[in-house]
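Report on the structure
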Amino acid sequence: MDRIAQWVEKEPFVYSCAVFYEANIRAGDSHFDFGMGVNEEYAEFLQVKEEPGVQYYPPCPCVHTCVSSRSGQYLTLDNLREGLAWLRRNGLTLAGDVVTQVVCMTKPEDEYFNWHIVWFPIASH
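The following paragraphs examine the structure supplied in this document. What you see is a predicted model, and the numbers here were worked out from it, not measured in a lab.

1. With respect to the pairing of strand 5 (residues 113-121)
Pairing of strand 3 (residues 62-70) with strand 5 involves nine bridges; the strand directions are antiparallel. Note on strand 5: the bridge partner recorded for His64 is Trp119. As judged from the seven bridges shared by strand 4 (residues 98-106) and strand 5, these two strands associate in the antiparallel manner. Considered in strand 5, the bridge of Cys104 is made with Trp115. In this structure, the hairpin formed by strand 4 and strand 5 is closed by a connection of six residues.

So, in structure tokens, the structure goes:
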């Protein structure tokens with residue numbers, strides 16, 4: 001809980017994110033971890049270091065897209081299916097964990113609607 005309080009103080013440089021682990025994706029498992037993210041260019045300034053509970057994802061070639069979720073339809077592997085299918089159709093191979101960033105959250109009616117940028121790391125050829 002202390003880490004969450006520390007990271008919230010770093011806004012607007014941090015954001016809500018989810019990580020779908022490659023092994024889980026390949027197993028068809030929708031499990032993901034949800035937390036807070038920060039882009040590499042701000043990590044030193046914000047004194048964020050890799051340590052237990054803090055994962056570092058180095059820059060790599062990625063295909064990115066945007067997917068939606070909402071209060072009544074949580075983020076799952078189903079949200080990634082079209083992106084994963086696009087990779088296969090275009091001869092690309094997933095090469096790591098899929099990371100998302102919540103970029104918009106609205107509540108126009110009775111539930112929240114979210115938009116997530118999704119990064120699919122790909123093997124470089």
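2. Details of the pattern of salt bridges
Evaluated as defined, the whole model comprises three salt bridges. Close ionic contact of Arg26 with Glu22 constitutes a salt bridge, the shortest N to O distance being 2.9 Å. With Arg26 and Glu22 both in helix 2 (residues 22-26), this residue pair falls four residues apart, about one helical turn. Taking the relative accessible area as the measure of exposure, Arg26 reaches 54% and is therefore exposed. Put simply, Glu111 and Arg70 hold a salt bridge, and the shortest N to O gap is 3.2 Å. Of the two residues, Glu111 is situated in the loop between strand 4 and strand 5 and Arg70 in strand 3; the sequence distance between them amounts to 41 residues. Under the relative-accessibility criterion, Glu111 is labelled partly exposed at 22%. For Arg70, a relative accessible area of 33% translates into the label partly exposed.

3. Focus: the sheet that holds strand 3
With antiparallel pairing, five strands are arranged side by side in an open sheet as 2-1-4-5-3. Each of the sheet's edge strands pairs with one partner strand only, and the pair in question is strand 2 (33-38) and strand 3. When the angles between neighbouring strand axes are averaged without regard to direction, this sheet yields 35°. When strand 1 (residues 14-20) meets strand 2, the two strands line up antiparallel, connected through six bridges. Bridge pairing in strand 2 links Val19 to Asp33.

4. Let's talk about the side chain of Asp97
Relative to the assigned elements, Asp97 resides in the loop between helix 4 (81-89) and strand 4. One buried charged side chain, Asp97, makes no salt bridge at all; its nearest oppositely charged neighbour is Arg26, positioned 8.8 Å away. A polar atom in the side chain of Asp97 sits 2.9 Å from the backbone nitrogen of Glu22. At a separation of 2.8 Å, a polar atom in the side chain of Asp97 contacts the side chain of Tyr57. Apart from residues lying up to four places away in sequence, Asp97 is in contact with Val19, Phe20, Tyr21, Glu22, Tyr57, Trp119 and Pro121.

5. Description of the environment of Tyr42
As for its placement among the helices and strands, Tyr42 is situated in helix 3 (residues 40-43). Expressed as a C-alpha distance, the spacing of Tyr42 and Phe13, which sit 29 residues apart in the sequence, is 7.1 Å.

About the criteria used
Residues numbered from 1 in each chain as written. Predicted model: local features only at pLDDT ≥ 70, side-chain atom pairs only at ≥ 80, totals over all residues. Heavy atoms only, no water. Pairing = 2+ DSSP bridges. Helix = DSSP H or I, 4+ residues; strand = E, 2+ residues; numbered from the N terminus. Salt bridge = Lys/Arg side-chain N within 4 Å of Asp/Glu carboxyl O. Buried < 20%, exposed > 50% of the residue type's maximum accessible area, 1.4 Å probe, protein only. Axes fitted to C-alpha atoms, helices over the stretch in contact; angles between N-to-C directions. Lys, Arg positive; Asp, Glu negative; His and termini not counted. Polar contact = N/O pair within 3.5 Å; in protein donor to acceptor, adjacent residues only side chain to side chain. Contact = heavy atoms within 4.5 Å.

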